[in-house]
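Structural features, examined
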Amino acid sequence: NDTSISSFIQLIDTASQFLHSCCVLRTFPVRGCIVKGSIHYYPYSFKGPAGAVFSNSSLYGRALINAYTKAENQDWFGCYIDKSALSEIDKDVIQDLITDNQIIEYDIPFKDTTRNELVLFLFGKKMNNIDATGIRETFTQHMNGKPLPKSVELKLENTIKFLEFTKNLVKA
């Protein structure tokens, strides 16, 4: 429920760190979308006959559906910020995030089109010698020697294009 500017900036930072540390460096390609909207959390737990506590909580709502749908429509490995999440953020804050290389404008490849959006700068200041070979290994590692399906190969190539785009920005 916290819609403050500091929470937004912290969300961008946390999402970027997660994508870079957990996904880029640990070979787990994902797509994401940061949205703003209604979401509900229902914690549930019960005690078993032997006294052990079992927890099974639920998270649901329109925002979760929107984020999932928008993430699944992307044809690359990355995360963008939906206009719903930007609607109440001051343009100067957004510009500061761009200037600080935390987010950038990029033509995101979607399954049905290409659209210019603000995206998390995955490779930014933490390049760590990431190159096309490393990204390719990230995608192929989970295939156990089998060739990539065409849809995954397209996501791979689009991700490499994004990597090259960001490397050119860092050099500039």
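Look above for the structure.
Residues numbered from 1 in each chain as written. Predicted model: local features only at pLDDT ≥ 70, side-chain atom pairs only at ≥ 80, totals over all residues. Heavy atoms only, no water.

**Digging into the sheet that holds strand β7 (residues 103–109)**
Sheet strands associate in pairs through backbone hydrogen bonding, adopting either a parallel or an antiparallel arrangement. Overall, mixed pairing links the four strands, which are arranged β1-β6-β8-β7 in an open sheet. The sheet terminates laterally at β1 (31–34) and β7, the two strands that pair on one side only. Mean inter-strand twist for the sheet, computed between neighbouring axes without regard to direction, equals 45°. Two elements, strand β6 (residues 78–81) and strand β8 (residues 114–120), share two bridges in a ladder whose sense is antiparallel. In the sheet register, Tyr80 faces β8, and the bridge partner there is Val119. (Pairing = 2+ DSSP bridges. Helix = DSSP H or I, 4+ residues; strand = E, 2+ residues; numbered from the N terminus. Axes fitted to C-alpha atoms, helices over the stretch in contact; angles between N-to-C directions.)

**Observations concerning the pattern of salt bridges**
Counted by the stated rule, this structure contains eight salt bridges. Salt-bridge contacts for Glu88 lead to Lys36; the nearest nitrogen and oxygen are separated by 2.6 Å. Within this pair, whereas Glu88 is found in the loop between α3 (83–86) and α4 (91–99), its partner Lys36 is found in the loop between β1 and β2 (40–42), the two being separated by 52 residues in sequence. Residue Lys155 pairs with Asp75 through a salt bridge whose shortest N-O separation is 3.2 Å. Linking Lys155 in helix α6 (residues 150–171) with Asp75 in the loop between α2 (62–72) and β6, this pair joins segments that are 80 residues apart in sequence. Taken individually, Lys155 and Asp75 each receive the classification buried, so the pair is uniform in this respect. Counted as one network, the salt bridges with shared partners bring together Lys83, Arg115 and Glu117. (Salt bridge = Lys/Arg side-chain N within 4 Å of Asp/Glu carboxyl O. Buried < 20%, exposed > 50% of the residue type's maximum accessible area, 1.4 Å probe, protein only.)

**A few points about α4**
Considered for burial, the residues of α4 that qualify are Val93, Ile94 and Leu97. Down the axis of α4, the buried side of the element spans an arc of 100°, and every buried residue falls inside it. Turned more than 90 degrees from where α4 packs its buried face, Lys91, Asp92, Asp96 and Thr99 sit exposed. By the N-cap criterion, in which a side-chain oxygen at the helix start approaches the backbone nitrogen of a residue two or three places on, α4 is capped by Asp90, the distance to Asp92 being 2.8 Å. (Arc of directions from axis to C-beta. Polar contact = N/O pair within 3.5 Å; in protein donor to acceptor, adjacent residues only side chain to side chain.)

Honestly, it's all geometry; don't read function into it.
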